[in-house]
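For reference, the chains in residue letters:
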Amino acid sequence: MADVVSLLHVLTYEPAGVGTILADIVKMAQTPTIAIEATGAHFDMREVLKSAGYRWNPDKRVWWQEVSGDLAPGEIDWLRSSVIPARYVPRTYSVTWKTRHR
């Protein structure tokens, strides 16, 4: 029972009167993000991609990262100029709180 009470305390805590932690979590979950796939990235770029926060998806066999919508254009530009060959275009798709954990 102590775990439940502790969790409720954390979720309903209002730091400096700005709203509850739970409200912030829900707001962040509802904010759509953009998933970017480093399509065509060479095997030898794996350390560069890892250090930039990309993760390997073994099912799709591609490196990917999820970023906020305002950061996506810069991330795509970086991929195209530094990581993937010119003939490839990074795949992108929107991730919402309803599609994130299918």
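Preceding block: the structure.
Right, let's walk through the structure included here. Positions within a chain are numbered from 1, following the residues in the order the chain's sequence is written. Only residues with pLDDT of at least 70 are given local features in this predicted model, and only at 80 or more are side-chain atom pairs given and counted; all residues enter the totals for whole chains, interfaces and linings. Heavy atoms throughout the structure, all of them, feed into the side-chain values; hydrogens and water do not.

### Topic: helix H4 (residues 72-83)
- Secondary structure follows DSSP: runs of H or I at least 4 residues long count as helices, runs of E at least 2 residues long count as strands, and numbering of each begins at the N terminus. Between the first and last residue of a helix there are one fewer steps than residues, each counted as 1.5 Å, and that sum is the expected span. With 12 residues, H4 ought to run about 16 Å at 1.5 Å a step, and its terminal C-alpha atoms sit 15 Å apart, in line with that.
- Any residue under 20% of the maximum accessible area for its type is buried, any over 50% is exposed, and the rest in between are partly exposed; the area is computed with a 1.4 Å probe on protein chains only. Residues of H4 that are buried include every one of Ala72, Glu75, Leu79 and Val83, and no others. Around the axis of H4, the buried residues are gathered within 65 degrees of arc, so they sit on the same side. Projecting away from the buried face of H4 at angles above 90 degrees are the exposed residues Asp77 and Ser81. The reported arc concerns the directions from the helix axis to the C-beta atoms and nothing else.

### Brief notes about the sheet that holds strand S3 (residues 62-68)
- The strand order across the open sheet formed by 4 strands is S2-S3-S1-S4, and the pairing between neighbours is antiparallel. Both outer strands of the open sheet, strand S2 (55-57) and strand S4 (91-95), are each paired with one neighbouring strand and no more. Within this sheet the neighbouring strands show an average axis-to-axis angle of 35 degrees, counted without direction.
- Here a strand pair is declared whenever DSSP counts at least two bridges between the two strands. Relative to S3, strand S1 (residues 33-37) is paired through 5 bridges, and the arrangement is antiparallel. Within the sheet, the bridge partner assigned to Ile34 lies in S3 and is Val67. Each axis is a line fitted through C-alpha atoms, and for a helix only the stretch in contact is used; angles between axes span 0 to 180 degrees, taken between their N-to-C directions.

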